[in-house]
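One letter stands for each residue in the lines below.
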Amino acid sequence: MTLTLAQTFDRCLDIAGNPTAAISFPQRRMLGQALAFLPRQHYRRVLELGCGTGALARGLSVRCDHYLGLDSDADALDEARIMPSLYAQTDFRQGRVPEDIPQGPFDLVVLNGVLQDLSAEAIERLAVRLRQVAPSADILCLRSLLFEGPDEAFRPQAALAAALGRPLTACNFDRLFRIDVFEPERAAA
């Protein structure tokens, strides 16, 4: 595996070689708050789109039975596979969103920094696919705002919500990141 300069620097900062410890403080804060925003304490099957090196997977695996991470970066996936979960069955696959989304059903879908890179047509295709593989799933959208203006912060999430027909049920808007939760309508008890 070939490391980029940034990955090498991260490893130098992280003496233990733990990929989770090498992530930035704002990212660590976003991932911690994302876990706190989950509507349920436990999920059967979780799909994370844009899983990267698996930093969020470690926290999610404590709260699910099966975790599947999808990312287009093969080197990041190699890094994600280094630390297996002690809690859930985990799998990391290479693929693109929305074309390579695997079969469900999933009861939680995490979109980790992928929506802002999709066109309006790709977001529509993503919504169609999510209706097939995760019709009653909670959807958690994470978005870093380090290199973006606040006026663009919700546009892709709003397009996905409209395509899915889901209301926004929770939002955390920080100057460095945004977290949005879309829950399906649940039958009254």
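Residues numbered from 1 in each chain as written. Predicted model: local features only at pLDDT ≥ 70, side-chain atom pairs only at ≥ 80, totals over all residues. Heavy atoms only, no water.

1. Brief notes about a nonpolar patch on the surface
Alright, step 1. Where nonpolar side chains cluster on the molecular surface, the patch consists of Val62, Leu86 and Tyr87 and spans about 390 Å² of accessible area.
Alright, step 2. Along the chain, the position of Tyr87 falls in the loop between helix 4 (74-80) and strand 3 (89-94).
Alright, step 3. A relative accessible area of 58% means that Tyr87 is categorised as exposed. (Patch = residues over 30% accessible without salt bridge, like charges linked within 9 Å, V, L, I, M, F, W, Y side chains within 5 Å. Areas by Shrake-Rupley, 256 points an atom, 1.4 Å probe, with all protein chains shown as cover. Salt bridge = Lys/Arg side-chain N within 4 Å of Asp/Glu carboxyl O. Helix = DSSP H or I, 4+ residues; strand = E, 2+ residues; numbered from the N terminus. Buried < 20%, exposed > 50% of the residue type's maximum accessible area, 1.4 Å probe, protein only.)

2. Quick word on the sheet that holds strand 3
Alright, step 1. Ordered in space as 3-2-1-4-5-7-6, the seven strands form an open sheet in which the pairing is mixed. Each end of this open sheet is capped by a strand with a single partner; those strands are strand 3 and strand 6 (168-173). For this sheet, the mean angle separating the axes of adjacent strands, direction not counted, is 15 degrees.
Alright, step 2. Here strand 6 pairs with strand 7 (residues 177-182) via five bridges, running antiparallel. Residue pairing for strand 7: Asn172 is matched across the bridge by Ile179.
Alright, step 3. Contacts between helix 6 (residues 155-164) and the sheet are confined to strand 4 (108-112), strand 5 (138-144) and strand 7, with strand 5 contributing the most and set at about 165 degrees to the helix. (Pairing = 2+ DSSP bridges. Axes fitted to C-alpha atoms, helices over the stretch in contact; angles between N-to-C directions. Contact = heavy atoms within 4.5 Å.)

3. Some points on the pattern of salt bridges
Alright, step 1. Summed over the entire model, instances satisfying the criterion amount to nine salt bridges.
Alright, step 2. Ionic pairing is found between Asp174 and Arg29, a salt bridge with its closest N-O pair at 2.6 Å. Here Arg29 lies in helix 2 (residues 25-37) and Asp174 lies in the loop between strand 6 and strand 7, a separation of 145 residues in the sequence.
Alright, step 3. Since its relative accessible area comes to 18%, Asp174 is described here as buried.
Alright, step 4. Each of Arg40, Arg44, Asp107 and Asp138 takes part in a single network of salt bridges with overlapping partners.

4. A look at unusual backbone geometry
Alright, step 1. Going from Val97 to Pro98, the amide bond is cis rather than trans, its omega being 0 degrees.
Alright, step 2. Checked against the element boundaries, Pro98 lands in the loop between strand 3 and strand 4.
Alright, step 3. The step from Gly104 to Pro105 runs through a cis peptide bond, and the omega angle for that step is 5 degrees.
Alright, step 4. Within the secondary structure, Pro105 sits in the loop between strand 3 and strand 4.

5. Comments concerning the pairing of strand 5
Alright, step 1. Along strand 5, six of the seven residues are buried, which leaves the element largely enclosed by surrounding structure.
Alright, step 2. With five bridges joining them, strand 4 and strand 5 adopt parallel strand pairing. Looking at strand 5, one finds that Leu108 is bridged to Asp138.
Alright, step 3. Following the chain from strand 4 across helix 5 (residues 120-133) to the adjacent parallel strand 5, one finds a crossover that is right-handed.
Alright, step 4. In this sheet, strand 7 lies alongside strand 5 in antiparallel orientation, the contact comprising six bridges. If you follow Leu140 over to strand 7, its bridge partner there is Val181. (Right-handed = clockwise from strand over helix to strand, strands pointing away.)

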